[in-house]
Amino acid sequence: MKDVPQVKVGIMNEPQIHFEFHGDYRVNGHLVNGAHVATVAADMVQWQGLTAAEMSFEPVDADAASFTLKDVTIGVSFHWRRKENQTFKGALKLIVENHRLTAVNVLSVEDYLLSVISSEMSANASLELLKAHAVISRSWLLAQIAKKTDHAAADVFPDNDPLKSAVDSDDELIKWWDRDDHVNFDVCADDHCQRYQGITRATTEKVAEAIRATWGEVLMYSGELCDARFSKSCGGVFEEFENCWEPQHHHYLVARRDSEDEMNFPDLTRESDAEEWILTAPKAFCNTRDREILSQVLNDYDQETTDFYRWTVEYTQEQLADLIRRRTGVDYGRIRDLQPVARGTSGRLYKLKIVGEKRTRVIGKELAIRYALSESALYSSAFVVERHEVDADGYPAKFVLRGAGWGHGVGLCQIGAAVMGAKGYDYKKILLHYFVGAGIEKQYE
């Protein structure tokens, strides 16, 4: 068996970074503690009169020492975005990216998972849900590290821009954001990768028990690590990978109903079926308003979102036209219509036609659509459009979006999995419900 691997997590990227050591740390043979500030000049790290391409601060006592980063942004591009101070175990590494400082936390994968599980959901979730999340978080992380190893061996690296475009023309812009494009560290600390907030979120013995019980366990399919995606609420049916990211089909990420009757669901790629599904609230594991269950999977700021299985957003003509212009950088003029072009297996749109006074264009994939239609990110791209008070020229005074689910809907549905845990399903049954045909294997002791 292999040793427990290390992970490098990018925490924040700012012109200067304020940090504080709790306990002794070693840098360049010297011991330091207390409060500090680092800046960047001429693309070099500057700290206490020293200048270097990068600086690493290693804890003298890894079990007892920690460090705090001030004003870390969480919820990047999401409706609950905010700043908070965060505290971490492990080493602190400062590097320069895009003429700004990046703080990187270096620690073991299993220590990282202690935080991820407590950051992604409540540390008081059911034990089986915590075990399931430990396995998918570990699987996804090790898959990303393996990709970087493969890139290094082949001397091939992705660029440092996570935006990928498949089609870019006057008539159509199809793009997506990958989670494996960080060059100088393995993963970032926000929802773009996996939400990681160090030891800021209080962990519990139950989280530690979930880590111990699944130590080294990962999801595998045909001898490969699974790209174990997850989101808050699928909305009733799982989405397929290729409708959100690159055109690659994963046989373990396929359409199923989020219920005990997995194969009983309509063809949501058909507009009529999708509309009926979204405008009703069919039975599903994630169709719950049980506050006790929801509190297991939603942290305080997530609980600010009360409607997620089915939701409604309204815009006036002026609001929508201005929003789309600012969010896409394209002036469509007045908006005549938002027309569905292509839907995935969960009913999520991955192609949407914006019909405007000045131009018409198809946009996608799902996250590009969500960004275009919200100041942060629309809950999901599974929605139907209502046009109200249409004038003689065909322009509505108001648009109403009625939607389903929260997030991309691929892989594990966190709220659905919480309900399964409450119903008595063990973590293996939860995992194999969402990752169809996968197996669970141990990678290290």
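This structure is a prediction, so every number in the text was calculated from the model and none was measured.

K.L.:
Please clarify how the overall build of the chain should be interpreted in this entry.
P.N.:
Scanning the chain for helices and strands turns up nine helices and 24 strands. Here the C-alpha atoms of the chain give a radius of gyration of 23 Å, agreeing with the 22 Å that 2.2 N^0.38 yields for 445 residues. Along the three orthogonal principal directions, the C-alpha set of the chain runs to about 75 × 50 × 45 Å. Counting the 445 residues in the chain, one finds 56% classified as buried. Expressed as a percentage of contacts within the chain between residues at least 6 apart in sequence, the contacts between residues at least 24 apart total 69%.

K.L.:
Explain the sheet that holds strand 21 (residues 383-390) here, please?
P.N.:
In a beta sheet, neighbouring strands are held together by backbone hydrogen bonds and run either parallel or antiparallel to one another. With antiparallel pairing, the three strands of this open sheet are ordered in space as 17-22-21. One side of each edge strand has no neighbouring strand; the edge strands of this open sheet are strand 17 (310-316) and strand 21. Neighbouring strand axes in the sheet, compared pairwise and without regard to direction, differ in orientation by 20° on average. The pairing of strand 21 with strand 22 (residues 396-404) spans seven bridges and is classified as antiparallel. Bridge pairing in strand 22 places E386 opposite V400. In the packing of helix 6 (residues 317-328) onto the sheet, contacts are made with strand 17 and strand 22, and the angle to strand 17 comes to roughly 95°.

K.L.:
Explanation requested: the packing of helix 1 (residues 109-120) against helix 3 (residues 205-213) in the structure shown.
P.N.:
A pair of packed helices is captured by two measures, namely the crossing angle of their axes and the spacing between those axes. Here helix 1 crosses helix 3 at 130°, and the two axes come no closer than 10 Å. When the interaxial angle is binned, helix 1 and helix 3 end up oblique. By crossing handedness, the relation of helix 1 to helix 3 is classed as right-handed. Counting all contacts with helix 1, which are made through E110, L113, L114, I117 and S118, the residues of helix 3 involved are V207, A208 and I211. Of the residues in the contact of helix 1 with helix 3, the class split is six nonpolar, one polar and one charged.

K.L.:
Sorry, what's going on with the environment of G416 here?
P.N.:
Within the secondary structure layout, G416 lies in helix 8 (residues 414-422). A relative accessible area of 0% means that G416 is categorised as buried. With 129 residues separating them in the primary sequence, G416 and N287 have C-alpha atoms 7.6 Å apart. Excluding its chain neighbours within four sequence positions, the residues that come into contact with G416 are D258, F285, C286 and Y434.

K.L.:
Can you walk me through the nonpolar core in this structure?
P.N.:
Where a protein is soluble and globular, its nonpolar side chains tend to be buried together. Core analysis: the biggest nonpolar cluster contains 91 residues, and F19, F57, L69, Y112 and F435 have the highest contact counts within it. Looking at which element gives the most residues to this core, the answer is helix 2 (residues 127-154), with 10 residues. Non-local contacts of F19, meaning those with residues more than four positions away in its chain, are made with G34, A35, H36, V37, A38, W47, F57, T68, L69, L92 and L94. Counting residues in hydrophobic clusters, the runner-up holds 22 residues, among them W311, L323, I324 and A372.

K.L.:
What is the right way to read the packing of helix 8 against helix 9 (residues 427-434) from this model?
P.N.:
It is at 10 Å that the axes of helix 8 and helix 9 come closest, and there the two elements cross at 145°. For helix 8 against helix 9, the interelement crossing comes out right-handed. Only K429, I430, H433 and Y434 of helix 9 make contact with helix 8, whose side of the interface consists of G416, A417, M420 and G421. Along the lines of polarity and charge, the residues of the contact of helix 8 with helix 9 split into four nonpolar, three polar and one charged.

Cut-offs used in this document
- Residues numbered from 1 in each chain as written.
- Predicted model: local features only at pLDDT ≥ 70, side-chain atom pairs only at ≥ 80, totals over all residues.
- Heavy atoms only, no water.
- Helix = DSSP H or I, 4+ residues; strand = E, 2+ residues; numbered from the N terminus.
- Rg over C-alpha atoms; globule rule 2.2 N^0.38 Å.
- Buried < 20%, exposed > 50% of the residue type's maximum accessible area, 1.4 Å probe, protein only.
- Contact = heavy atoms within 4.5 Å.
- Pairing = 2+ DSSP bridges.
- Axes fitted to C-alpha atoms, helices over the stretch in contact; angles between N-to-C directions.
- Parallel < 35°, antiparallel > 145°, perpendicular 65-115°, else oblique.
- Left-handed = near helix turned anticlockwise from the far one by under 90°.
- Nonpolar A, V, L, I, M, F, W, Y, C, P; charged D, E, K, R; others polar.
- Core = buried A, V, L, I, M, F, W, Y, C linked by side-chain atoms within 4.5 Å.

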